[in-house]
Amino acid sequence: MQSESHEIDVDVALIDVDGTITTPTRKTDFAVPPLEHLLRMVMHHDSIPRTEALAKIRQIGDIETSCIFNFLAPLGLPVQPYWDALQQDVKGGIIIPDDAIFFIKSLRSKNIRLFSATTNSRMATLVKLSVADLGGIDGSPYFDGFFGGDSFHDPLGKWSPEFFPSILKTGGFDPMRTLMVGDNLEQDMMPALRAGIKRVAIINRQQKEKLLRKDGVLFINSLEVLYNMLKPVSHTD
């Protein structure tokens, strides 16, 4: 690996959530799984046992590939209490480092559009962003959109070889002017490169060097380092 500086000229930034935006503080983000939170709400609301509540949920859709928030309305449940339960839970499981907060809040000043590219659904991403007041139940002022594991109705979610190609097609993004930011070589770097995405940055906050470069991929120890490398997009582009 060689350390060097390089200006990055892109229009769109895709970013992973777990391990990239967030840092875990325990083994799991949620002490109580989101499905369990929903089960408890159904059991309480309908006064039914656990097995009946689970069967009722499964009648609505596939809990493995769908965002749990999508089950609330069909079950006659309000969104806010479920959001509050998840938000309170996840606050004990993750933090969002200062460099991630800076990157997310500042990227718009360079006219670069920001989208999530993650296993997390839109609402799960927003719950996690809310830990640092970067998002809320109605959305985030810093993100232009969200691509989660449930976005393309593929059972493999983010692990599907079609995940990144589907993002590029759906968003109409030029892979030559798109940046993917993640923390995992197998789950972020390789599939993004295979999809033709030109720029990939991998963050490891334990890395001693601020910036390393190998085979066109940037290895950084802070999202602030990456931000400073990004060329502002002119309004005429």
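In what follows, the structure referred to is the one given above.
Residues numbered from 1 in each chain as written. Predicted model: local features only at pLDDT ≥ 70, side-chain atom pairs only at ≥ 80, totals over all residues. Heavy atoms only, no water.

**Q** How do you make sense of the overall build of the chain when you look at a structure like this?
**A** Along its length, the chain carries 8 helices and 9 strands. Expected size for 237 residues packed as a compact globule is a radius of gyration near 18 Å; at 19 Å, the chain falls within 12% of this value. For the chain, the C-alpha atoms occupy an extent of roughly 60 × 35 × 35 Å along the three principal directions. Put simply, 67% of the contacts in the chain that link residues at least 6 apart link residues at least 24 apart. When the accessible surface of the chain is summed, it comes to about 11,600 Å², and 51% of that surface belongs to carbon and sulfur atoms. In the chain, 25 side chains carry a positive charge and 30 a negative one; their mean positions are 2 Å apart. (Helix = DSSP H or I, 4+ residues; strand = E, 2+ residues; numbered from the N terminus. Rg over C-alpha atoms; globule rule 2.2 N^0.38 Å. Contact = heavy atoms within 4.5 Å. Areas by Shrake-Rupley, 256 points an atom, 1.4 Å probe, with all protein chains shown as cover. Lys, Arg positive; Asp, Glu negative; His and termini not counted. Charge placed at Lys NZ, Arg CZ, Asp CG, Glu CD.)

**Q** What's the story with the nonpolar core in this structure? I'm lost.
**A** Nonpolar side chains tend to gather and get buried jointly when the protein is soluble and globular. Grouped together as the largest cluster of nonpolar side chains are 57 residues, with contacts concentrated most on Ile-21, Leu-38, Phe-69, Leu-223 and Leu-226. Among the elements that make up this core, the one with the highest residue count is helix 8 (residues 223-229) (5 residues). Aside from chain neighbours lying at most four places away, what touches Ile-21 is Ile-15, Asp-16, Ile-95, Ile-96, Pro-97, Ala-100, Ile-104, Leu-129 and Phe-143. (Core = buried A, V, L, I, M, F, W, Y, C linked by side-chain atoms within 4.5 Å. Buried < 20%, exposed > 50% of the residue type's maximum accessible area, 1.4 Å probe, protein only.)

**Q** Is there a simple way to think about helix 3 (residues 79-90) in this case?
**A** Side chains that are three or four residues apart share a direction in an α-helix, a result of its 3.6 residues per turn. For helix 3, which comprises 12 residues, the first-to-last C-alpha distance of 17 Å matches the rise-based estimate of 16 Å (1.5 Å per residue) to within 8%. Among the residues of helix 3, Tyr-82, Trp-83, Leu-86, Gln-87, Asp-89 and Val-90 are the ones counted as buried. Projected down its long axis, helix 3 carries its buried residues within an arc of 165 degrees, all on one side. Those residues of helix 3 that are buried lie in contact with helix 1 (34-46), strand 3 (94-95) and helix 5 (122-129). (Expected span 1.5 Å × (residues − 1). Arc of directions from axis to C-beta.)

**Q** Before we go on, may I ask you to explain helix 7 (residues 185-194) in this structure?
**A** Listed as buried for helix 7 are Asp-188, Met-189, Pro-191 and Ala-192. Considering only its buried residues, helix 7 is in contact with helix 6 (163-171), strand 6 (178-182), strand 7 (199-203) and strand 9 (217-220). Where helix 7 begins, the capping side chain belongs to Asn-184, and its oxygen is found 2.9 Å from the backbone nitrogen of Glu-186. (Polar contact = N/O pair within 3.5 Å; in protein donor to acceptor, adjacent residues only side chain to side chain.)

**Q** Just checking my understanding: could you explain the environment of Met-229 for this structure?
**A** Within the secondary structure, Met-229 sits in helix 8. Residue classification places Met-229 among the buried positions, given a relative accessible area of 7%. When the C-alpha positions of Met-229 and Ile-8 are compared, they lie 5.8 Å apart, and in sequence the two are 221 residues distant.

**Q** I would appreciate a short explanation of the sheet that holds strand 8 (residues 211-214) in the present structure.
**A** Whether parallel or antiparallel, the strands of a sheet pair through hydrogen bonds between backbone atoms. Judged by pairing direction, the sheet is mixed, and its 7 strands sit side by side in the order 5-4-1-6-7-9-8 without closing on themselves. Looking along the sheet, the strands with just one partner apiece sit at the ends: strand 5 (145-147) and strand 8. Strand-to-strand twist across the sheet, computed as the mean angle between neighbouring axes with direction ignored, equals 25 degrees. Relative to strand 7, strand 6 runs parallel, the two being bridged by 4 bridges. What sits directly across from Leu-179, in strand 7, is Arg-199. Sheet strands touched by helix 7: strand 6, strand 7 and strand 9. Its angle to strand 7, the strand with the most contacts, is close to 170 degrees. (Pairing = 2+ DSSP bridges. Axes fitted to C-alpha atoms, helices over the stretch in contact; angles between N-to-C directions.)

**Q** What's the story with the packing of aromatic side chains in this structure? I'm lost.
**A** Each aromatic ring pair is characterised by the separation of its centres together with the angle its planes make. Scanning the model with the defined rule gives 10 aromatic pairs in all. Taking the centre distance of 4.9 Å and the plane angle of 70 degrees together, the rings of Phe-69 and Tyr-82 count as edge-to-face. A residue pair is termed long-range when its members are at least 10 positions apart, and Phe-69 in the loop between helix 2 (50-60) and helix 3 and Tyr-82 in helix 3 qualify at 13 residues. Each of the two residues, Phe-69 as well as Tyr-82, counts as buried. Pairwise contacts between aromatic rings join Phe-115, Phe-147, Phe-152, Phe-163, Phe-164 and Phe-173 into one cluster. A cation sits over an aromatic face here: Lys-110 above Tyr-227, 4.2 Å from the ring centre. (Phe/Tyr/Trp six-rings, centres within 6.5 Å; stacked < 30°, edge-to-face > 60°. Lys NZ or Arg CZ within 6 Å of the ring centre and 35° of its normal.)

**Q** Is there a simple way to explain the packing of helix 3 against helix 5 in this structure?
**A** The axes of two packed helices give the description: the angle between them and the distance between them. Between helix 3 and helix 5, the least distance of the axes is 9 Å, while the angle of their chain directions is 50 degrees. Comparing their axes, helix 5 and helix 3 come out oblique. Of the two possible hands of crossing, helix 3 and helix 5 adopt the one that is right-handed. Only Met-123, Leu-126, Val-127 and Lys-128 of helix 5 make contact with helix 3, whose side of the interface consists of Trp-83, Leu-86, Gln-87 and Val-90. Broken down by class, the residue content of the contact of helix 3 with helix 5 amounts to 6 nonpolar, 1 polar and 1 charged. (Parallel < 35°, antiparallel > 145°, perpendicular 65-115°, else oblique. Left-handed = near helix turned anticlockwise from the far one by under 90°. Nonpolar A, V, L, I, M, F, W, Y, C, P; charged D, E, K, R; others polar.)

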